[in-house]
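Close look at the chain arrangement
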Amino acid sequence: MKSRTIKVDYLARVEGEGALLVKIKGQQVSEVKLQIFEPPRFFEAFLRGRKYSEAPDITARICGICPVAYQMSACHAIEDAFGVAIPASIRALRRLLYCGEWIESHALHIYMLHAPDFLGYESAIHMAKDHPADVQRGLRLKKTGNAIVNVLGGREIHPINGRVGGFYKIPSKQELSGLVEELKWASDAAAETVRWVATFPFPDFERDYEFVALRHPDEYPFNEGRLVSNRGLDIAVRDYEQHFAEEHVAHSNALHSALKERGAYFVGPLARYNLNFDRLSPTAQEAALAAGLGKLCRNPFQGIIVRAVETLYACEEALRIITELEIPEKPFVNVEPRVGTGYGCTEAPRGILYHRYRFDDKGIIADVRIIPPTSQNLKTIEADLMHLVPANIEMQKDRLQWRCEAAVRNYDPCISCATHFLKLQYKYE
Amino acid sequence: MTSKGSRTLVIGAGNEWRGDDGAGLAVARRLRTELPSSVCVIEHSGEGASLMDSWRGDDSVTVVDAAKSGAPPGTIHRFTFPAEPLPDGIFGCSSHSFGIAEVIQIAVALHRMPRDMVLYGIEGLDFADGAHLSPAVELAVAEVADRIRRELQLKP
């Protein structure tokens, strides 16, 4: 029987270091491994003994592309533990900061990391020669997101202005208004992005996933909501660990998450979209439908269209917030530590990011759990490849490899984020 | 940076918390007090998209970054643009974004290169966490700062 192996030693255009191994025997896939060898970073261990107020800044360092998500999940979890209520104006500013991160992260992934897969280029650099206007648009969109994070977060990468209870300093109305013109351009550019990516050739591939995302009574989710799925999950964030479990697998420095009852699940833009289409703005909904997406999309390759739709939503939402905002009188509300455990879950660009902290009466961290979106998608990514390879078994090896790599990038995996949880296990052979 | 006309920029790129990756920033810091005020000295994280935004088409730019080609630590690489093609794999790239080599290639493709550019690479030894430079890299930092000072003085 003919055996083939697809081996990609270093996955390009993903964040962090990972490799892909697919073993094929005849018409069947015998093994799929997304090998994560990005070293573990032990953030949960070295947060123990630290003060509550340090957690947003320390956890923001986990990721250079989604630091806001870490700050937000940390703040919400800590505020939950201490019973802190945040005023509407500060909540709106947090949403604005999150818009900046989505725009920045989605623009990077759409234009620099994923579009080359569909247009047949090895990298964005090669693509730039033939598609200069598109790449320029992508870079400027990313810059618009960076500008929001800069104004609200204090700097573009690893923002420092967010804190438990609010912000250290609130930008002036003028500083925020300074973002408006560029955001108007960005809204048009994002709409153009939706139209552009909709023209890409998409493989005919669908699976019956369980999608998991936050759902809020009247907003497209960033910071708050219940955790829901299309198979009946509907729980408070604090019940996350009753329904989800992490397991160690030998080939990965990242843990794999699963629903205890049903196994693999799917988080990220596609999950948010499928569970919250009715919460998108009318413009974003229209753009999605005009791009050929249904209200429900099960083709992970079309996630790039959903990212573009979410970018459009984030630009509009940022504009709305800036226009309607009343600058809070005080940048933060006071926080009194107390003994207890707090839970937070927010929608990082790549999907739900769960934090749980336990504190003593001085607000010193006794115990932490952080579960990033990528480790929640790893099982689903491997399952996609188990289905994708047999369906395309007649493809030439290099084309099949290309397709497999693109399938991994559908999830915009952030391998650096996913490697914080290893129980060290060395295997000597 | 709203002034019009050609400018002279010196950009030190890198991350001072990753050992010898801070070499470019160290050169920029040395030069900041030593160059005439007409020269704009910038310390930059090296993140691609925003690095490209720091220059304009009619600028004259010198960039200093850490390099990792396998040469002895402290080796000084020098490339000039538009004259020379950049060899692969000398300058590191961050997985979250893209490094100086990618920035230059994209800038060329998008016609976003400055009028001329000199790129210095200082070969590093240790890129582990922590704020320190290897002794050989310290020496190279001083040497590159000297060379840039002389080069800029010779320019009309």
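Thresholds, definitions, all that
Within each chain, residues carry numbers counting from 1 in the order of the written sequence. Chain labels run from A onward and ligand labels from 1 onward, assigned in the order the entries are written. Note on the predicted model: pLDDT of at least 70 is required for a residue's local features to be given, and 80 or more for side-chain atom pairs to be given and counted; whole-chain, interface and lining totals, by contrast, use all residues. Strands are runs of DSSP state E lasting at least 2 residues, helices are runs of H or I lasting at least 4, and numbering of each runs from the N terminus. Neighbour density around each residue's C-beta defines its exposure: 20 or more other C-beta atoms within 10 Å make it buried, 12 or fewer make it exposed, and counts between make it partly exposed, where C-beta atoms are placed from the backbone. A residue pair is marked as a contact if its C-beta atoms, positioned from the backbone, fall within 7 Å. Polarity classes work like this: nonpolar for Ala, Val, Leu, Ile, Met, Phe, Trp, Tyr, Cys and Pro, charged for Asp, Glu, Lys and Arg, and polar for all others, with Gly in that last group. What makes two strands pair is DSSP finding at least two bridges between them. Here, axes are lines fitted to C-alpha atoms. For helices the fit covers the stretch in contact, and angles between N-to-C directions go from 0 to 180 degrees. A score from 0 to 100, pLDDT tells how confident the predictor is in each residue. Here the expected length of a helix is defined as 1.5 Å per residue gap, with one fewer gap than residues. What sets the label is the angle itself: under 35 degrees gives roughly parallel, over 145 gives roughly antiparallel, 65 to 115 gives roughly perpendicular, and the rest give oblique. Handedness of a crossing follows from how the near helix is turned relative to the far one, being left-handed for an anticlockwise turn of less than a right angle and right-handed for a clockwise one. The handedness rule is simple: strands pointing away from the viewer, and a clockwise path from the first strand over the helix to the second, make the crossover right-handed. Defined on buried residues, the nonpolar core groups Ala, Val, Leu, Ile, Met, Phe, Trp, Tyr and Cys residues joined through C-beta atoms within 7 Å. The arc in question is the one spanned by the directions pointing from the helix axis to the C-beta atoms.

**A word on the overall build of chain B**
Helix and strand content of chain B: four helices and five strands. Mapped from its N terminus to its C terminus, chain B presents α and β elements in the order β-α-β-α-β-β-α-β-α. Relative to its full complement of 156 residues, chain B shows a buried share of 38%. Sequence-distant contacts, at least 24 apart, represent 75% of the contacts inside chain B between residues at least 6 apart.

**Regarding the overall build of chain A**
Within chain A, the secondary structure is distributed over 15 helices and 13 strands. When its C-alpha atoms are laid out on the principal axes, chain A stretches across 70 × 50 × 40 Å. By residue count, 52% of the 429 residues in chain A fall in the buried class.

**Details of the interface of chain B and chain A**
Taken together, the contact pairs twelve residues of chain B with 16 residues of chain A. Residue assignment for the side of chain B that touches chain A shows that the elements contributing at least two residues are helix H2 (48–53) and helix H3 (100–109) of chain B. If you tally residues by element for the side of chain B that touches chain A, the top one is H3(B), at four residues. Each residue belonging to the side of chain B that touches chain A can be placed in one class, and the counts come to four nonpolar, five polar and three charged.

**Looking at the sheet that holds strand E12 (residues 351–359) of chain A**
Residue and element names in this part refer to chain A. Strand order in the open sheet formed by three strands is E11-E12-E13, with antiparallel pairing between adjacent strands. The open sheet has two edge strands, strand E11 (340–348) and strand E13 (365–371), and neither has a second partner. When the angles between neighbouring strand axes are averaged without regard to direction, this sheet yields 15°. Inspection of the sheet shows E11 paired to E12 by nine bridges, in the antiparallel sense. Bridge pairing in E12 links Tyr343 to Arg356. Across the sheet, helix H13 (residues 373–391) touches E11, E12 and E13, and the angle it forms with E12 is around 130°.

**Details of the confidence of the model for chain B**
Of the residues in chain B, 87% reach a pLDDT of 70 or more, and the chain-wide mean stands at 85. Scored by ipTM, the complex comes to 0.75, with pTM at 0.88.

**Remarks on H13(A)**
Relative to the 27 Å expected for 19 residues at 1.5 Å per residue, H13(A) spans 27 Å between its end C-alpha atoms, a close match to the ideal helical length. Of all 19 residues making up H13(A), 14 are buried, and the element is well covered by its neighbours.

**A look at the confidence of the model for chain A**
Per-chain confidence: chain A averages 89 in pLDDT, with 93% of residues scoring 70 or above. Segment residues 419–429 of chain A: pLDDT under 50, and 23 contacts once partners within four positions in sequence are set aside and those in other chains are kept.

**Quick word on the packing of helix H8 (residues 180–198) of chain A against helix H12 (residues 303–324) of chain A**
Residue and element names in this part refer to chain A. Relative to each other, H8 and H12 sit at 165°, their axes nearing to 8 Å. As summarised for this structure, H8 and H12 are arranged roughly antiparallel, according to the angle between their axes. The element H8 and its partner H12 pack so that their crossing is left-handed. Where H8 approaches H12, its residues Val180, Leu183, Lys184, Ala186, Ser187, Ala190, Ala191, Thr193, Val194, Val197 and Ala198 are matched on the opposing element by Ile304, Ile305, Ala308, Val309, Thr311, Leu312, Cys315, Glu316, Ala318, Leu319 and Ile322.

**Quick look at the pairing of strand E2 (residues 39–44) of chain B**
Residue and element names in this part refer to chain B. Pairing of strand E1 (residues 8–13) with E2 involves six bridges; the strand directions are parallel. Bridging from a neighbouring strand, Thr8 pairs with Val39 of E2. Taken together, E1, helix H1 (residues 23–32) and E2 constitute a β-α-β crossover, and its handedness is right-handed.

**Details of the environment of A:Glu326**
Residue and element names in this part refer to chain A. Here Glu326 shows up in the loop between H12 and E11. Judged by the 10 C-beta atoms lying within 10 Å of it, Glu326 falls in the exposed class. Each C-alpha atom, one on Glu326 and one on Leu93, is 9.8 Å from the other, the two residues being 233 residues apart in sequence.

**Considering the nonpolar core**
The nonpolar side chains of a soluble globular protein tend to be buried, and buried together. Counting residues in hydrophobic clusters, the biggest one holds 139 residues, and the most contacted among them are A:Val309, A:Leu312, B:Ile122 and B:Val141. Residue contacts for B:Val141: discarding those within four places in its chain leaves B:Ala23, B:Ala26, B:Val27, B:Arg30, B:Ile122 and B:Leu133. Counting residues in each nonpolar core, the second largest holds 17 residues, with A:Ala254, A:Leu255, A:Cys404 and A:Ala407 among its members.

**What about helix H11 (residues 282–290) of chain A?**
Helical periodicity: at 3.6 residues per turn, an α-helix aligns residues three or four positions apart in one direction. Residues and elements named next belong to chain A. Of the residues making up H11, those classed as buried are Ala284, Ala287 and Ala288. An end-on view of H11 places all buried positions within 100° of arc, on one side of the element. Of the residues in H11, the exposed ones pointing more than 90 degrees away from the buried face are Pro282 and Ala290. Elements in contact with the buried residues of H11: H8 and H12. Count one or two residues on from H11 and you reach Gly292, which has phi positive near 95°.

**Quick look at the sheet that holds E1(B)**
Residue and element names in this part refer to chain B. Taken in spatial order, the five strands line up as E2-E1-E3-E5-E4 in an open sheet, and their pairing is mixed. In this open sheet, the two edge strands, each paired with only one partner strand, are E2 and strand E4 (76–81). On average, each strand axis in the sheet is inclined to that of its neighbour by 15°, with strand direction left out of account. Relative to the sheet, H1 contacts E1, E2, strand E3 (60–67) and strand E5 (116–123), its axis offset from that of E1 by approximately 140°.

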